[in-house]
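Overview (structure and organization)
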Amino acid sequence: MADELELLRRANPVPSADPRFHDRPLDQHAERRLNHLLHSACPRPLRRWLWSVGTAAAVGVVVLALTLSGPTTAPAVAAPRPLVIEAGSTPVPLDRLADRAAASDSSLPLRQGTHVQTWSLSMTSGPGARPPITLPEERVVRWKADGSHTELVVATDPRHPGKPVITDADSVPRTVEDGHVLSRQAYPPSWSDAPPRARPPHDAARLRAYLEEIDPIEARDTTQLLDAVAELLDNWTLGARESAALARVLADARGLRPAGAVTDRLGRTGQAYMYDDKAHSGRRMLILDPATGAVLGLEDTVTKADPEYGVKAGDVMSYRAWMR
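Only a predicted model underlies this, so the values are computations on that prediction, with no experimental measurement involved. By convention here, each chain's residues receive numbers from 1 onward along its written sequence. In keeping with the model being predicted, local features are shown solely for residues with a pLDDT of at least 70 and side-chain atom pairs are shown and tallied solely at 80 or more, while totals for entire chains, interfaces and linings include all residues. Computation of side-chain values: all heavy atoms of the structure, hydrogens and water removed.

1. Comments concerning the side chain of Arg284
Numbering of helices and strands starts at the N terminus; helices are DSSP runs of H or I of at least 4 residues and strands are runs of E of at least 2. Within the element layout of this structure, Arg284 appears in strand 10 (residues 282-288). A polar contact of 3.3 Å, which involves the side chain of Arg284, links it to the backbone oxygen of Thr223. By the criterion applied in these results, polar contacts are pairs of N or O atoms within 3.5 Å in which, for protein atoms, one can donate a hydrogen and the other can accept it, and in which residues neighboring in sequence qualify only through two side-chain atoms.

2. Concerning the pattern of salt bridges
Only one rule defines a salt bridge in this text: a Lys or Arg side-chain nitrogen within 4 Å of an Asp or Glu carboxyl oxygen. What the rule picks out here adds up to twelve salt bridges. One salt bridge connects Arg265 with Glu299, and the closest N-O pair in it is separated by 3.0 Å. With Arg265 in the loop between strand 8 (257-263) and strand 9 (269-277) and Glu299 in strand 11 (residues 295-302), the pair connects residues that are 34 residues apart, well separated along the chain. The pair Arg265 / Glu299 is uniform in exposure class, with both members buried. A salt bridge links Asp276 to Arg283; the nearest nitrogen and oxygen atoms lie 2.7 Å apart. Here's how the labels work: a residue is buried when its accessible area is under 20% of the maximum for its type, exposed when over 50%, partly exposed in between, all with a 1.4 Å probe on protein chains only.

3. Describing the confidence of the model for the chain
pLDDT is a per-residue confidence score from the predictor, ranging from 0 to 100. Of the residues in the chain, 64% have a pLDDT of 70 or more, and the chain-wide mean is 76. Any pair of residues with heavy atoms lying within 4.5 Å of one another is described as a contacting pair. For residues 18-25, every residue scores under 50 in pLDDT, and the model assigns this stretch six contacts once sequence neighbours within four places are set aside. Every residue in residues 35-77 scores below 50 in pLDDT, and together they form 96 contacts with partners more than four places removed in sequence or on other chains.

4. Details of the pairing of strand 3 (residues 149-155)
In regular strands, side chains alternate between the two faces of the sheet. Of all seven residues making up strand 3, seven are buried, and the element is well covered by its neighbours. Burial along strand 3 is two-sided: His149, Glu151, Val153 and Ala155 and Thr150, Leu152 and Val154, pointing in opposite directions, are all buried. Strands qualify as paired when DSSP identifies two bridges or more between them. When strand 3 meets strand 6 (residues 180-187), the two strands line up antiparallel, connected through seven bridges. From the neighbouring strand, Thr150 faces strand 6, where its bridge partner is Ala186.

5. Observations regarding the nonpolar core
What we call a nonpolar core is a set of buried Ala, Val, Leu, Ile, Met, Phe, Trp, Tyr and Cys residues that are connected through their side-chain atoms within 4.5 Å. Ranked by size, the top nonpolar core spans 37 residues in total, and within it Leu211, Leu250 and Val295 carry the most contacts. Of all the elements in the fold, those that place two or more residues in this core are helix 4 (94-103), helix 5 (204-214), helix 6 (222-233), helix 7 (240-251), strand 9, strand 10 and strand 11. Trp119, Ala272, Met285 and Ile287 belong to the second-largest nonpolar core, a separate cluster that totals twelve residues.

6. Observations concerning unusual backbone geometry
Residue Pro196 follows Pro195 across a cis peptide bond; omega there is 5 degrees. If you check the backbone angles, Ser281 has positive phi at about 55 degrees while not being a glycine. Within the secondary structure, Ser281 sits in the loop between strand 9 and strand 10.

7. Brief notes about the packing of aromatic side chains
Note on aromatic contacts: the rings of Phe and Tyr and the six-membered ring of Trp form a pair at centre separations within 6.5 Å, being stacked when their planes are under 30 degrees apart, edge-to-face when over 60 apart, and tilted otherwise. Evaluation of the coordinates by the stated rule reveals one aromatic pair. The ring of Trp119 is capped by Arg265, whose NZ or CZ atom sits 5.9 Å from the centre of that ring. Ring-over charges, as used throughout, are those where CZ of Arg or NZ of Lys falls within 6 Å of the ring centre and within 35 degrees of the ring normal.

8. Brief notes about helix 7
Helix span is expected to be 1.5 Å times the residue number reduced by one. With twelve residues, helix 7 should reach 16 Å at 1.5 Å per residue; the first-to-last C-alpha distance of 17 Å fits that figure. Burial analysis of helix 7 places nine of its twelve residues in the buried class, which makes it a mostly covered element. Within helix 7 the residues assigned to the buried category are Ala240, Glu242, Ser243, Ala244, Ala245, Leu246, Ala247, Val249 and Leu250. Along its buried surface, helix 7 packs onto helix 4, helix 5, helix 6, strand 10 and strand 11.

9. Section: the packing of helix 6 against helix 7
What counts as an axis is a line fitted to C-alpha atoms, over the stretch in contact for a helix, and the angles between N-to-C directions run from 0 to 180 degrees. Here helix 6 crosses helix 7 at 165 degrees, and the two axes come no closer than 11 Å. Relative to helix 7, the element helix 6 is oriented roughly antiparallel. For the pair helix 6 and helix 7, the crossing hand works out as left-handed. For the pair helix 6 and helix 7, contact is made by Leu225, Leu226 and Val229 and by Leu246, Val249 and Leu250, respectively. Here the residues of the contact of helix 6 with helix 7 sort into six nonpolar, no polar and no charged. Orientation categories follow fixed angle ranges, with anything under 35 degrees roughly parallel, anything over 145 roughly antiparallel, 65 to 115 roughly perpendicular, and all other angles oblique. Note on convention: near helix rotated counterclockwise from far helix by under a right angle means a left-handed crossing. Clockwise means right-handed. Charged residues are taken to be Asp, Glu, Lys and Arg, nonpolar residues to be Ala, Val, Leu, Ile, Met, Phe, Trp, Tyr, Cys and Pro, and polar residues to be all remaining types, Gly included.

Below you can see the structure in the form of structure tokens.
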């Protein structure tokens, strides 16, 4: 250890004469990233297909996922089956659905906070590895006028999926019908003018720029766009105008193809749009309300088996269902 420390001292990675390391205010980009890290209401969805062969991070997320199941929680069960497109249903092109959403007379308002059910697949590899499991959660985040907010996270019963278990979701979340409470917290007032904490616009061009600002590091493509949409919806419950603008943004995305009608895990009817992420052996199903264009859910599945992690083609990697 002493030898390694001496090598670091000689390397002098932070020279005192370098102006980059002097104490000074953060620049605009650094401040945005810091605000996002400190104040993001919910963790970002697992990205870029963690089952990729040779990805050390895939093993790391297993530890995080498995710690959610304590000795008193219901045991996790095998991953759910992928949602199935209804036979004979007519796919609705995204641009047509965006037009329909823009013409909707819905007056639903924008609201800061979220109500979402999620399922996340965890994996281990090597001798004695556990089979992949799904850990269902439900999360409600509600903000107050003074900038404070509350967060309730429940491990839902995997034997009875398909209905919200957190009640009184429109006010301070207090009541849980069925499920193990993982955390119930109240946070003091805080503000940020950076996406996704900043108020989202209801104009398509400005909303597109807003989504690109959520993660400005990576090259923008449909995979990153869907990730940014998920993060937006993990922070905001969109109103009618914002949902219409988002539908227009999605209509311009490359590779999102209409697939037909689908019933999601909360029993809601939606229109499904598929995106094949061939670079990461995944397929994403985006589910929109056929009348308002509101995003109902996002499902990620594997398209290529990975025996090392016990993953088969068609396995669900994650699923998110957003509610009002």
